[in-house]
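Topology and contacts: notes
So you can see what is in the structure, the chains are spelled out below.
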Amino acid sequence: MQLKKLAPRRLWILAGYAAAAAALFSAPLFVGDFRLNLLAKFLAFAIVALGLDLIWGYTGILSLGHGIFFGLGAYAMAMYLKLEASGGKPPDFMGWSGLKELPLFWRPFESFGFAVAAGIAIPAVLALVLGYFTFRNRIRGVYFTILTQALVIITTTLLIGQQAYTGGTNGITGYSALLGFSLGSPDTKRALYWITAAALISIFVLCRFLTGSRFGKVLRAIRDGENRVRFIGYDPAIYQMVAFTISAAIAGIAGMLFVLHVGIISPSMLGIVPSIEMVLWVAIGGRGTLIGAALGAILMNWAKSEFSTAYPEGWTLFMGLLFVLVVVFMPKGVAGLAGQLNWRKKRREPRHEGVRNPAV
Amino acid sequence: MRKRLFYQFSLLLVAVGLVLAGCGNDEPASTNEATNAPADSANTGAPAEEGIKVGILHSQSGTMAISEVSVIDAELMAIEEINAAGGVLGKPIVPVLEDGASDWPTFAEKARKLISEDKVATVFGGWTSASRKAMKPVFEELNGLLWYPVQYEGLEASPNIFYTGATTNQQIVPSVTWLLENRGKKFYLLGSDYVFPRTANLIIKEQLKAEGGELVGEEYTPLGHTDYSTIISKIKEAKPDIVYNTLNGDSNVAFFKQLKDAGITAADMTTLSVSVAEEEIRGIGVDVLEGHLAAWNYYQTTDTPTNKTFVDNYKKKYGDDRVTADPIEAGYTAVYLWAAAVEKAGSTDVEKVKEAAKELEWEAPEGKVKIDGETQHLYKTVRIGEVQADGQFKELWNSGEAVKPDPYLKGYDWAASIQPTE
Amino acid sequence: MDVYLLQLFNGLSISSILLLVALGLAITFGLMKVINMAHGELIMIGAYSTYLTQNLFNDYLPAQLFDWYFALAIPVSFGIAFVFGLVMEMSLIRFLYGRPLDSLLATWGVGLVLQQAARSIFGAPNVAVKSPAWLDGGLRIMDGTLLPYKRLFIIALVVVCLLAMYLYIYRSHEGRRMRAVMQNRDMAACLGVSTRRVDAMTFAIGSGIAGIAGCALTLMGPIGPSLGTYYIVDAFMVVVLGGVGKLAGTVLGATGIGMFNTLFEYWTNASLGKVLVFVCIVAFLQWKPMGLVAMRTRSLD
């Protein structure tokens, strides 16, 4: 990459981003209510993908537990919405679970501010605590990944088992309004869409800033050679912890937005399957590039929605094949492919990586 | 290198092509329906514009597909029969299939899509209570119409849902009374860990207190639990007369297989299940289930003239080895009731159909059913059956007449404490 | 007293099932470092193979032979899963060595495809496998304590599988080559071992054992397209807890999880028992990140 060419390229890229942002914000003018709602949901997913990319694409830690952080954010928002709908009385599911009084930990969620704060803080604190132990104990790679799966099982089983407090398998649904605005009205939906789009763009900019900073450089160094970083004198655990925490907080924000658009959160959204799907969005879009992760989330969900409508009985077959093909033949995802096509003469990758380093 | 790139590029093209193929499919359900039900094309192949679109929203993938796929078959068969007889209001019914994927938010999303994008007249769908609870706010917000075909835990009567399965006073409550009178007083409650078993058991516990039964144990297992050895040990220790089983889906297979291995047969201890029908028996194995009890409103062996034709047609269409069961029948009935209501209303407008459906009667395979105008549930006959060696049920008892639905159990004094808080 | 004895046996039985489910993974994941998320689907393939064998016996052989279908079903399940594993390795896994996390994602896709394929071929509802009459009933050791033959059979089956695997890996030429490749691929290749063949064989054997697990599971539980999803996470936990790459570790891991699971479930309830077991696993891995039996290594990364 020559310095001379950098300036015009950067201009083009900026123009591209501006166009994308403009397209995002003007989408309500072109698509119907249902499609807008879907798109808003995809944007919420794109936010998780950004957070996941930060920790996986840039730091090299694969978390199969981001569904938990996403879900915790979503539950915080859902608790607020449910209390708003029931007017502060114990919600319906507590009634049919035999609970007559609102439990203490539900009370603060009557306040919208508290719910939002909790939706960001709870996932972040959980990630911090988890990261503190795991990263300091140098649990890495596959071990960390499997550990996060164990956490997913713990969280979902607890959520399902404590039906009186959490709504059980049903999750929490049946909301009416947000701060007095009816969730059913098209105006509120449009406003929520814009809020989501704005959130996506701000988080994108934030991630961009983080990855471009010195902090981001250390993260990438950790990804490429954790021990070397340690020998230079950095403590990788702290960087990993911080990245993991930010990533979890971002997932929490996405979860809160998701609930507003979809109108339900249930433990199934925190399970193993959605957690792996989130990773797949990033993998397919292109890990290590923010735009790839975001686009991957939007494209994959769009594809899932369309496939399942077109072939309701066999769509998982297509999705499965798509995952296999992309992972095997496009290891850098869609974004990476574009890059390879552009600079194919300059960048030659080793054709076949052997198992030089099986432990990874 | 170049070759490889070409390869990758062509793959991408294929992928993009697939996505586009999906997107190109938004418009009418014509292509959609052709891929879903090729066998039906002869009857329902009319262009979508001329037909009346209805949504069919069940899980075709994921863990719930084991149960829901057969209900789709029954609903499609009802649609085909109605179309063969001239359709409704002179137009054919065109089914639009969607996959709920055993995932509740997906049910909500697809329900929204069916109502606001496909503009379907009504939706037949759902199985688990969770899927119904997820769809309920969508149908209420958009004023759609949902026909829900499975027995459930009651305490609900949405103005936008018709419940064609049993509520608690048409299945659980009478079966508990029957067990107390005929099989013993000591109950052990075993269920999967979700809303239906927990609510059902809440009701049963109140009823046991009021009617002189005794609770000796209560256990919930996570959905998909596959080892029941510890639970069976606990049951052995508690020495109940009756295990009241509200397990769902796959767990039933593991529980009954392992119960038999532990040396407990139907002769030693009564079990009564509320989610084990003919279809489940096929998956569990008759040798394991013979002699165990179930409570439903319909069995394949139920002796009515309509049922004979229904079973014959179902087997003719889907194969001799297939069986009918209560939710399958309820799904089939739902389609006919909706069609009758539309004919009576002269329109597919939700409000008019709801009005016309009040007190509507129909000769269903399970016997005469009537829609209760107030709760939008059906009057249904309660039946307790015993599994026979051929995988069918023998009816041991029935309520004699169709029981009026009472989802909130207002007619039972002991149920006063189980009312919803809202 | 009886109850404790029975629970001890139940714990042992669950351990044996877990071990059987995890054994194949101990090879594909433990030795080859391929995170095979389709392992559960290979188990499902084994279960459906048993179902098919049963149907063949039902349709084409005299009724008195029916009970012996199960004896044939075990090698058939192994064989079919073996072939699936071989095909998977040659067409897909081969490209993913050294990219364990990518292998996770790709095999997840394979799992989806296999599940959907099973649903299309056998239908979405569960199918029934009638267990052979000689496995009905149980061994009465004391008054009231009945040890079901099926559970005893699975324990025996695991022991046999373990023995066979031990002999294969540690006492045969192929096994030596396999260990050589897994320990130092480049060196083994230099010494004339066909690493490609060894890889394919190893993966196929791991898959075949998953098939046997599927066959055994038909005795205890449901046989349906999503059968594999119930066991996959548990299988990974067993391998990771035991220590990746060590057979002894896998045995210990399975016993630990099985025993504690039974104990906790008996004390509390099924949901809480499960949570407690997983909490213990997470806590234990914090303390010993490499698992119960750690492979000694001096390398850093």
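Residues numbered from 1 in each chain as written. Chains lettered and ligands numbered in written order. Predicted model: local features only at pLDDT ≥ 70, side-chain atom pairs only at ≥ 80, totals over all residues. Heavy atoms only, no water.

1. Considering the overall build of chain B
The criterion, for reference: A helix here means a DSSP run of H or I that spans at least four residues, while a strand means a run of E at least two residues long, and both kinds are numbered starting from the N terminus. Classification of residues uses two cut-offs on accessible area relative to the type maximum, computed with a 1.4 Å probe and protein chains only: under 20% is buried, over 50% is exposed, and between them is partly exposed. Two residues form a contact once any of their heavy atoms are found within 4.5 Å.
Helix and strand counts for chain B come out as 15 helices and 15 strands. The 422 residues of chain B split such that 65% are buried. Of all intrachain contacts in chain B linking residues separated by at least 6 positions in sequence, the fraction that spans at least 24 positions is 68%.

2. With respect to the interface of chain B and chain C
As a reminder, the rule being used: Put simply, buried area is how much 1.4 Å-probe accessible surface two parts lose in total, over both of them, once they are put together. The salt bridge criterion pairs a side-chain nitrogen of Lys or Arg with a carboxyl oxygen of Asp or Glu, the two atoms within 4 Å.
The interface is formed by 39 residues belonging to chain B together with 39 residues belonging to chain C. Of all residues in chain B, the largest losses of buried area upon contact with chain C belong to B:Thr230, B:Lys257 and B:Asp261, amounting jointly to 20% of the total for that side. At the junction of chain B with chain C, the criterion picks out three salt bridges. As a salt-bridge pair, C:Arg151 and B:Asp227 come within 3.5 Å of each other at their nearest N and O atoms. Elements represented by at least two residues in the side of chain B that touches chain C include exactly helix H4 (65-84), strand E7 (214-221), helix H9 (229-238), helix H10 (250-261) and helix H11 (278-284) of chain B.

3. A closer look at the packing of helix H2 (residues 39-60) of chain C against helix H4 (residues 100-122) of chain C
The description of two helices packed together rests on the angle between their axes and the distance between the axes. Residue and element names in this part refer to chain C. This is how the line gets drawn: For helices, the fitted axis covers only the stretch in contact; all axes are lines through C-alpha atoms, and the angles between them, taken along N-to-C directions, range from 0 to 180 degrees. Here roughly perpendicular refers to angles of 65 to 115 degrees, roughly parallel to angles under 35, roughly antiparallel to angles over 145, and oblique to all remaining angles. Crossing handedness is read from the near helix: turned anticlockwise from the far helix by less than a right angle, it gives a left-handed crossing, and turned clockwise, a right-handed one. Residues are grouped as follows: Ala, Val, Leu, Ile, Met, Phe, Trp, Tyr, Cys and Pro are nonpolar; Asp, Glu, Lys and Arg are charged; every other residue, Gly included, is polar.
Two elements in contact, H2 and H4, have axes separated by 10 Å at closest approach and are oriented at 20°. Between H2 and H4, the crossing angle belongs to the class labelled roughly parallel. H4 is crossed by H2, and the crossing has left-handed handedness. When H2 is examined against H4, the residues Glu 41, Met 44, Ile 45, Tyr 48, Tyr 51 and Leu 52 are found in contact with a partner set consisting of Gly 111, Leu 114, Gln 115, Ala 118 and Phe 122. Of the residues assigned to the contact of H2 with H4, the class counts are eight nonpolar, two polar and one charged.

4. Topic: the domain arrangement of chain B
All names here are of chain B. Threshold: How far each domain reaches was decided by an automatic or database domain assignment. In protein, a polar contact requires one atom able to donate a hydrogen and another able to accept it; more generally it is a pair of N or O atoms within 3.5 Å, and residues adjacent in sequence count only if both atoms are side-chain atoms.
Each domain of chain B was delimited in the assignment, giving domain 1 (2-166 + 303-379) and domain 2 (169-300 + 382-415). With 37 residues of domain 1 in contact, the opposing surface of domain 2 contributes 29 residues. When domain 1 packs against domain 2, the two sides together hide about 2,800 Å² of surface, and 57% of this comes from carbon and sulfur. At the junction of domain 1 and domain 2, the tally comes to two salt bridges. At the junction of domain 1 and domain 2, the tally comes to 14 residue pairs in polar contact (both at pLDDT 80 or more). Looking at the side of domain 1 that touches domain 2, the elements that each hand over two or more residues are H4, helix H13 (305-318), helix H14 (326-345) and strand E13 (378-379).

5. Examining the sheet that holds E7(B)
Residues and elements named next belong to chain B. Condition: By this definition, two strands are paired if DSSP reports at least two bridges between them.
The seven strands are arranged E7-E6-E8-E9-E10-E14-E15 in an open sheet whose pairing can be described as mixed. Only two strands of the sheet have a single neighbouring strand rather than two, namely E7 and strand E15 (393-398). Direction aside, the axes of adjacent strands within the sheet are offset by 25° on average. Pairing analysis gives seven bridges linking strand E6 (residues 186-192) to E7, with the strands arranged parallel. Note that in E7 the partner of Lys 186 across the bridge is Glu 214. Running at roughly 165° to strand E8 (residues 242-246), helix H7 (residues 172-182) makes contact with E6, E8, strand E9 (270-273), strand E10 (293-296), strand E14 (383-387) and E15 of the sheet.

6. As for the packing of aromatic side chains
Short version of the rule: Within 6.5 Å between ring centres, the rings of Phe, Tyr and Trp (the latter by its six-membered ring) count as paired, and their orientation is classed by plane angle as stacked under 30 degrees, edge-to-face over 60, tilted in between.
Considering all chains together, one arrives at 54 aromatic pairs over all chains under this definition. An angle of 45° between the planes, with centres 6.2 Å apart, marks the rings of A:Phe105 and A:Tyr165 as tilted. With A:Phe105 in the loop between helix H4 (92-96) and helix H5 (112-136) and A:Tyr165 in helix H7 (residues 163-166), this pair connects stretches of sequence that are 60 residues apart. Residue class for A:Phe105 comes out partly exposed when judged on its relative accessible area of 44%. Through a chain of ring-to-ring contacts, three or more aromatic side chains come together here, namely B:Tyr298, B:Phe310, B:Tyr314, B:Tyr318, B:Tyr332, B:Tyr336 and B:Trp362.

7. So, the pattern of salt bridges
Considering all chains together, one arrives at 40 salt bridges over all chains under this definition. One salt bridge in this structure joins B:Glu109 and A:Lys41, with 2.2 Å as the shortest N-O distance. On the criterion of chain membership, the pair formed by B:Glu109 in helix H5 (residues 104-116) and A:Lys41 in helix H2 (residues 33-58) is interchain, its members lying in two chains. You'll find B:Glu109 and A:Lys41 in the same group, each marked buried. Sharing partners across several salt bridges, the network here consists of B:Lys260, B:Asp261, B:Asp287, C:Asp136 and C:Lys150.

8. Concerning unusual backbone geometry
All names here are of chain B. For Lys 239, which is not a glycine, the phi torsion comes out positive at approximately 50°. Along the chain, the position of Lys 239 falls in the loop between H9 and E8. For Lys 239, a relative accessible area of 58% puts it in the exposed group. Positive phi outside glycine occurs at Gln 376, with the angle close to 60°. As for its placement among the helices and strands, Gln 376 is situated in the loop between strand E12 (367-371) and E13. A relative accessible area of 8% means that Gln 376 is categorised as buried.

9. Observations concerning the nonpolar core
Our working definition: Think of a nonpolar core as a cluster: buried Ala, Val, Leu, Ile, Met, Phe, Trp, Tyr and Cys residues, connected wherever their side-chain atoms sit within 4.5 Å.
With 277 residues, the main nonpolar core has A:Ile265, B:Tyr244 and C:Phe29 as its most contacted residues. No other element matches the 19 residues that H2(A) contributes to this core. Composition of this core by domain shows at least three residues from each of domain 1 (2-166 + 303-379) and domain 2 (169-300 + 382-415) of chain B. Ignoring anything within four residues of it in the chain, the contact list for B:Tyr244 reads B:Gln171, B:Ile172, B:Ser175, B:Val176, B:Leu179, B:Phe187, B:Tyr188, B:Leu189, B:Leu190, B:Ile204, B:Leu272 and B:Val274.

10. Description of the environment of A:Trp302
Residues and elements named next belong to chain A. Here Trp 302 shows up in helix H13 (residues 290-310). By relative accessible area, which is 23% here, Trp 302 ends up partly exposed. When the C-alpha atoms of Trp 302 and Leu 39 are compared, they prove to be 8.2 Å apart, with 263 residues separating the residues in sequence.

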